[in-house]
Amino acid sequence: MAFNHLPAGVHDALAPLSVTPVTHSVPMAKNHRSEGSPTDPATRPTPGAVLDRLASGPSRAARITHTEHLPPRAGRHAVWPDRIRPEVIAAVQACGIEHPWAHQALAAEHALDGDSVVIATGTASGKSLAYLMPTLSTLLDGSEAANGRGATALYLAPTKALAADQRRAVRELARPLGTAVRPAVYDGDTPVEEREWVRQYANYVLTNPDMLHRGILPSHPRWSSFLRALKYVIVDECHTYRGVFGSHVAQVLRRLRRLCARYGASPVFLLASATAAEPSVAAGRLTGLPVVEVADDASPRGELVFALWEPPLTELHGERGAPVRRTATAETADLLTDLTLQGVRSVAFVRSRRGAELISVIAQERLAEIDRPLARRVAAYRGGYLPEERRALERALHSGELLGLAATTALELGVDVSGLDAVLIAGYPGTRASLWQQAGRAGRAGQGALAVLVARDDPLDTFLVHHPEALFDQPVESTVLDPDNPYVLAPHLCAAAAELPLTDDDIQLFGPACADLLPQLEAAKLLRRRTRAWHWTRRERAADLTDLRGEGGRPVQVVEAGTGRLLGTVDEAASHTAVHEGAVHLHQGRTYLVRSLDLDDSVALVEQANPPYTTVARDTTAISVLETDVAVPWGDGRLCYGSVEVTNQVVSFLRRRVITGEVLGETKLDLPPRTLRTRAVWWTVTEDQLDEARINPEILGGALHAAEHASIGMLPLFATCDRWDIGGVSIPLHPDTLLPTVFVYDGHPGGAGFAERAFHTARAWLTATREAIASCECDAGCPSCIQSPKCGNGNDPLHKRGAVRLLTVLLKGAPEENPEENPEERPQEKTEAS
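Residues numbered from 1 in each chain as written. Predicted model: local features only at pLDDT ≥ 70, side-chain atom pairs only at ≥ 80, totals over all residues. Heavy atoms only, no water.

Looking now at unusual backbone geometry. Unlike most non-glycine residues, K525 shows phi in positive territory, near 60 degrees. One can find K525 in the loop between α20 (513–523) and β19 (527–530). A relative accessible area of 61% places K525 in the exposed class. In this structure, T531 takes a positive phi of about 50 degrees despite not being glycine. As for its position among the elements, T531 is in the loop between β19 and β20 (533–536). Classification of T531 as exposed rests on a relative accessible area of 76%. (Helix = DSSP H or I, 4+ residues; strand = E, 2+ residues; numbered from the N terminus. Buried < 20%, exposed > 50% of the residue type's maximum accessible area, 1.4 Å probe, protein only.)

What follows is the structure in structure tokens.
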């Protein structure tokens, strides 16, 4: 019997890459710009006072496990760079900015010198102005050219919301410059009738990597005048381009550089990032160019009070009689309600779309019981909404009409939400970089801010709220991506060949793996070599071979059965777990039940309902070893890393009460299996080790299963991943290893670098896993230590004490220094130069 733990989605690939983080200061800074907000900051309650009110209810104070106070910091100004046009300086000063911060001026100088630069400073540190100063000045110069179109600039954002927000900011800033700056958004929401105007006349085009990949690059002859004049490419929030998505975007940027060179342009890349380890290395890997780093944040910040909050145990019992802790969703909804009643402008960040909807619904219902008009000032914001819904929410948030918002990470990025006083984070977001990015959404008008991390019933969250040093005394993570992964590179070589035939000169641009892949693509009859170039051979669009975000397949349309109205979409990869028959689907505060899921037509029919429960999908998984790359002895056992094939099938779903999480029942499902080839780390133990750990055959499966669950829960502390990005399988006698084995694998075809990072940090990772299990206050295991919210076996069997003894014996045999951790031997070093 195999015990499994599958990632939420199956995406595209990322080959292994190890990264060694370096220490940076805590990345919080407040914007120096006078944004204006509905309430005078001088009359607002202090962050400490707001927290005291939240903790004043019955048993509330005991839920705060730690409070971190970050003192305010003064800013450091600089003079305006002398090459910035005076008209641009005047326009910026008209917005209330008398002088730039030192890091803004330094970044602008590098850009004007023709150096690609990454600005890696704290949230609200004015990164936008750092790249807009040289960009607007250059566009103004170009508008005075005697002939031709003049200079152009391309802005790339990871989300449509951010691009739309940036257009508003650029229009406001550039208004005194007249028609010299013509910003326009070009994405999937842009009406067809507007697109031709954008191509011909806009000189500051805002888009996203997906539209660049599918719309602009394949149609480059129609964009020739724009590309010929391209001076700057701005890559905003570049720290989000990690893993599979980042690897795809890296190849899209190489295709862009290639076409620009074809038209005689060599644009400078200006990248903006949240504080990250080695930002210049990550930016260089993303663009393929040398990149100068500006990371000394000179902006001021207000006081930040950061509280760690653990919901209490309830009197209820869950699976196998385990104690049930109050859910982070219910706890966050209560806190958002209280903050709204206090008039504190707040955003609650939630990890899932369903969670965002739930929190907003619960808060609205509770507010309606007290003050019905106030309930209308709380809403949800997530992906999958129709464009007009997203825009309306963004306007309401920006204007202050909304007082509280439950949002997914779609709002984590640099959308201007000025005036926020507090941020609630429902569950650790997976990385310290993302945690600080979310916390930095508050206090953007310069006032103090409150951030509260509400722990989920999860091993990692439990560990973090009781070990605050793991959050506040550790550096942020490095950005992991690998453009050379053949699963990523191959479809982009086809797309590049369709845009312009590939020659030997292009091999250096696309990296060393290109030379080996081209003959393979030719053998597969995707490319054909004619004289000195490779040509795309098919009638289909080569750009359709890959999806940058690894979602794959057609999005599933969610349609209201009675009216035929399109409510939104769900990624194909998530459809089996999110919109299976009988699933509860939330949209804009309304609850629907999925009546049917048609996978052939990619349609889920739903009908409005009001069930007293939510649904959670269950799955089963089998795994086989394809190739072992590295095996390291750990005593008698072994730690291995290599390629595996995973077969998964969603088999049932649970119905759980909304507030308590109590399981009401389970329903079987009949959905087709899915196969995934990916990368994994796994460890084995021998009979002698089992004897030493006092593990008999009756408890072996439960001990392995518990160790697997807890290790998956802890891995995000050591790799830039979310527990839903990774999966696991444990089996008492695996047919490939012939030993008891625990696997942890990447939930992406080809791998995503997470398992490789786990391999390189295995001693620290598994030590933390053992500590998380051993220190939990429960008797036999609970969601805070060894139970998993997505276990396909109903969290059975599990054996908490057996897992602790097993990990203790395994770690006794761990080498003091894994030879594979030698930086000179890491695969990363072989690929970084590309």
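A separate point is the packing of aromatic side chains. For the structure shown, the criterion picks out 11 aromatic pairs. Ring centres of F306 and W436 lie 5.5 Å apart, and the angle between their planes is 80 degrees; on these two criteria the pair is classed as edge-to-face. With F306 in strand β10 (residues 304–309) and W436 in helix α15 (residues 432–439), this residue pair connects regions lying 130 residues apart in the sequence. Taking the relative accessible area as the measure of exposure, F306 reaches 0% and is therefore buried. W436 gets classed as buried once you look at its relative accessible area, which sits at 2%. Taken together, a centroid distance of 5.4 Å and an interplanar angle of 75 degrees make the contact between F306 and F472 edge-to-face. One end of the pair, F306, is in strand β10; the other, F472, is in helix α17 (residues 469–472), and 166 residues separate them in sequence. Linked through ring pairs, Y131, Y155 and Y204 together constitute an aromatic cluster. Here the basic side chain of R195 rests over the ring of Y186, its NZ or CZ set 5.6 Å away from the ring centre. (Phe/Tyr/Trp six-rings, centres within 6.5 Å; stacked < 30°, edge-to-face > 60°. Lys NZ or Arg CZ within 6 Å of the ring centre and 35° of its normal.)

A pair of packed helices can be characterised by two numbers: the angle between their axes and the separation between those axes. Viewed as axis vectors pointing N to C, helix α7 (residues 209–216) and helix α9 (residues 243–262) meet at an angle of 50 degrees, and their least axial separation amounts to 10 Å. Taken together, α7 and α9 sit at an angle that is classed as oblique. Relative to α9, the crossing made by α7 is left-handed. On α9, the residues that touch P209, L212 and H213 of α7 are V249, V252, R255 and L256. Split by residue class, the contact of α7 with α9 holds five nonpolar, one polar and one charged. (Axes fitted to C-alpha atoms, helices over the stretch in contact; angles between N-to-C directions. Parallel < 35°, antiparallel > 145°, perpendicular 65-115°, else oblique. Left-handed = near helix turned anticlockwise from the far one by under 90°. Contact = heavy atoms within 4.5 Å. Nonpolar A, V, L, I, M, F, W, Y, C, P; charged D, E, K, R; others polar.)

Here the focus is the pattern of salt bridges. Summed over the entire model, instances satisfying the criterion amount to 29 salt bridges. Here D141 makes a salt bridge to R85, at a shortest N to O gap of 2.6 Å. A residue pair is termed long-range when its members are at least 10 positions apart, and D141 in helix α4 (residues 127–143) and R85 in the loop between β2 (64–70) and α2 (86–94) qualify at 56 residues. On the accessibility criterion, D141 (42% relative accessible area) is partly exposed. Look at R85 and you get buried, because its relative accessible area is 15%. Of the charged contacts in the structure, one is a salt bridge between R674 and E572, with a shortest N-O distance of 3.0 Å. Of this pair, R674 sits in strand β29 (residues 674–684) while E572 is found in the loop between β22 (566–570) and α21 (575–578), placing the two residues 102 residues apart along the sequence. E572 sits in the partly exposed class, given a relative accessible area of 25%. Residues participating in the shared-partner salt-bridge network are R63, R326, E331, D334 and R366. (Salt bridge = Lys/Arg side-chain N within 4 Å of Asp/Glu carboxyl O.)

All right, on to the nonpolar core then. Nonpolar side chains in soluble globular proteins generally cluster together in the buried interior. Formed by 90 residues in total, the largest nonpolar core has its most connected members in F306, W634, W683 and W765. It is helix α23 (residues 697–714) that provides the largest number of residues to this core, a total of nine residues. One finds I89, A151, L177 and A180 within the second-largest nonpolar core, a separate group that totals 41 residues. (Core = buried A, V, L, I, M, F, W, Y, C linked by side-chain atoms within 4.5 Å.)

Attention now goes to the sheet that holds strand β9 (residues 292–294). Taken together, seven strands build an open sheet; the order of strands is β5-β6-β4-β7-β8-β3-β9 and the sheet is parallel. Every other strand in the sheet has two partners, leaving β5 (183–185) and β9 as the edge strands with one partner each. With direction set aside, neighbouring strand axes in the sheet form an average angle of 20 degrees. Sheet topology places strand β3 (residues 117–120) next to β9; three bridges connect them, and they run parallel. Pairing of V118 across the sheet is with E293, part of β9. Against the sheet, helix α3 (residues 102–112) engages β3, β7 (230–235), β8 (268–273) and β9, with an angle of about 165 degrees to β9. (Pairing = 2+ DSSP bridges.)

Topologically, T340 is positioned in helix α11 (residues 328–341). Judged by its relative accessible area of 2%, T340 falls in the buried class. In this structure the side chain of T340 is engaged in a polar contact, spanning 2.7 Å, whose partner is the backbone oxygen of L336. Those residues in contact with T340 that sit more than four places away from it in its chain are L367, L374, V378, L403 and G404. (Polar contact = N/O pair within 3.5 Å; in protein donor to acceptor, adjacent residues only side chain to side chain.)

It is worth spelling out the pairing of strand β31 (residues 741–746) at this point. Summarising burial for β31: six of the six residues are buried, a large majority. Alternating residues of β31 divide into T741, F743 and Y745 and V742, V744 and D746, and every residue in both groups is buried. Across five bridges, β29 lies against β31 in antiparallel orientation. Bridging across to β31, V681 finds its partner in V744. Across six bridges, the pairing between strand β30 (residues 726–731) and β31 is antiparallel. Bridge assignment links S730 to a residue of β31, and that residue is V742.

The next thing to look at is the sheet that holds strand β16 (residues 422–426). Read across the open sheet, the seven strands follow the order β2-β10-β17-β16-β13-β15-β14; overall the sheet is mixed. At either margin of the open sheet sits one strand with a lone partner, and together these are β2 and β14 (378–381). Averaged over all pairs of adjacent strands, the angle between strand axes in this sheet comes to 15 degrees, irrespective of strand direction. Where β2 and β10 come together, six bridges link them in antiparallel fashion. Paired with H69 across the two strands is V305, which belongs to β10. Packing of α11 onto the sheet brings it into contact with β10, β13 (346–350), β14, β15 (404–407), β16 and β17 (449–454), and relative to β16 it is tilted by some 170 degrees. On the sheet, helix α12 (residues 353–370) packs against β13, β14, β15 and β16 and is oriented at approximately 175 degrees with respect to β14.

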